[in-house]
Amino acid sequence: MKPSLLSSARILLIVGGGVSAYKSLDLIRRLRERGAGVRVVMTAAAKQFVAPLSAGALSGAAVRDDLFNLADEAQMGHIELSRSADLIVVAPATADLLAKMAHGLANDLASTTLLATDKRVLVAPAMNVRMWLHPATQRNVAIMRGDGIAFVGPDDGDMACGEFGPGRMAEPLAIVAAVEEELRRPTAIPLPSASPSRDLLKDKRVVVTAGPTYEPIDPVRFIGNRSSGLQGYAIAQSAACVGADVTLVSGPTSLADPPGVRVVRVETARQMHEAVRAALPADIFVAAAAVADWRVENVGARKLKKSGTGAPTLSLTENPDILAEIAGSGTERPGVVVGFAAETENVLDNARAKLTRKGCDLVVANSVAEGSGTFGGAENEVYVVSNTGVETWPRMSKREVAEKLVALIASLDRGIR
């Protein structure tokens, strides 16, 4: 067998509770035969499906399963587990584990280890098809992808419950291939708490807008868009992690408040405009929200009913141009103003025009054309447009885009001041 990327790699395998946990034993064997060292953590539910003795025999190391083991935790063993691996693999990743990871819960050894890690994480989901397709699970997956967590599977197939559809855990060899792909990628950017750049924006006031706006037609209907808010939330969290005092003005999203960030939730463009003005003065303003350009001039006090004479005519009026106003606010203008341009065509031409028209320092442009997967997706491929030229950033997680953009903004801020 030719040398593998797994030779001498250190893998921490977290086994969740589910019927497919039996595949974790073959996964351990496949990883070991390629030269990887494997340590195993099992949840309490996993032990109902797979014996720790079997996993320990295959991995060559004792299985860990207890957060309150006095011998292991005397030296903060969960911290050592979370930091000593090159990659953490969660297989099977149950709906419960995904929910814990998405929302930062830590009530057992597995979830505590995942929250304490500064390493890449690869998850292989496995659950009933209805559980996988449930909106709550899909929201959790979107959050995790936005945090840079990688996924392999789930596959379509017959379930142990007798149903058919997506939810089967990927086969061990497919997970091995995904592990090798993760190890091939550049080392993850360290968490700011462990990074020398943790004070990159220390004492800077940053205002970020994120998500869509909803412009009411009547008490029931509204005009909106498909923005998930993931990119703006990632920018706010990244800025907070490097020392900034961050206010996030968010349109309607299903996302949890980023830790360490002051969040103001709004619905309409006018409410967002008022909230941004209230958050000033600021050193940096990032307008990542997809703000509606127009609103209904006369919002109905009651639900509009079909009259049998055709669709009603809606009279529209322009919303405040938040980005242009902040960028052109003279002596009150933040030192760095960043706009976003979500385009379906002529991305660069439209971004350059927006840079000039709005008077901002940077425009981050991307395509939201059909099939791009940008709105609501976990990844982004952007162009950063300035008066000095264009940078093309390859497709990466929205978290990585946020970290890279925050570093660029910090360099601009130092240059201005």
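Residues numbered from 1 in each chain as written. Predicted model: local features only at pLDDT ≥ 70, side-chain atom pairs only at ≥ 80, totals over all residues. Heavy atoms only, no water.

## What about the environment of Glu 379?
- Note that Glu 379 resides in strand 18 (residues 379–386).
- The spatial distance from the C-alpha of Glu 379 to the C-alpha of Leu 230 is 9.5 Å, given a sequence separation of 149 residues. (Helix = DSSP H or I, 4+ residues; strand = E, 2+ residues; numbered from the N terminus.)

## A look at the pattern of salt bridges
- For the coordinates displayed, the defined rule picks out 21 salt bridges.
- Among the ionic pairs, Lys 100 bridges to Asp 96, the shortest N-O distance being 3.5 Å. With Lys 100 and Asp 96 both in helix 5 (residues 95–103), this residue pair falls four residues apart, about one helical turn.
- Residue Lys 100 is classed as buried on the basis of its relative accessible area, which comes to 10%.
- Sharing partners across several salt bridges, the network here consists of Asp 26, Arg 29, Arg 30, Glu 33 and Arg 34. (Salt bridge = Lys/Arg side-chain N within 4 Å of Asp/Glu carboxyl O. Buried < 20%, exposed > 50% of the residue type's maximum accessible area, 1.4 Å probe, protein only.)

## Looking at the sheet that holds strand 13 (residues 284–287)
- Strands sit in the order 12-11-8-13-16-17-18-19 across an open sheet of eight strands; the sheet is mixed. Across the chains shown, the open sheet's two edge strands, defined by having one partner strand only, are strand 12 (262–265) and strand 19 (389–397). Across the sheet, the axes of successive neighbouring strands diverge by a mean angle of 15 degrees, strand direction being ignored.
- Sheet topology places strand 8 (residues 205–210) next to strand 13; four bridges connect them, and they run parallel. Bridge assignment links Val 208 to a residue of strand 13, and that residue is Val 286.
- Docked against the sheet, helix 10 (residues 230–241) engages strand 8, strand 11 (245–250), strand 12, strand 13, strand 16 (336–343) and strand 18, running at close to 165 degrees with respect to strand 11. (Pairing = 2+ DSSP bridges. Axes fitted to C-alpha atoms, helices over the stretch in contact; angles between N-to-C directions. Contact = heavy atoms within 4.5 Å.)

## Observations concerning the pairing of strand 19
- Across seven bridges, the pairing between strand 18 and strand 19 is antiparallel. Bridging across to strand 19, Val 384 finds its partner in Glu 391.
- Between strand 18 and the antiparallel strand that follows it, strand 19, lie two residues.

## Let's talk about helix 5
- Taken residue by residue, helix 5 has Ala 95, Leu 97, Leu 98, Lys 100, Met 101 and Ala 102 as its buried positions.
- A positive phi of about 70 degrees marks Gly 104, the residue just after helix 5.

## Thoughts on the sheet that holds strand 1 (residues 10–15)
- The strand order 2-1-3-4-5 describes an open sheet built from five strands, whose pairing is parallel. What marks the edges here is a single partner per strand, and that holds for strand 2 (37–42) and strand 5 (150–151).
- Strands strand 1, strand 3 (87–93), strand 4 (121–125) and strand 5 of the sheet are contacted by helix 9 (residues 172–184), whose axis makes an angle of about 155 degrees with strand 3.

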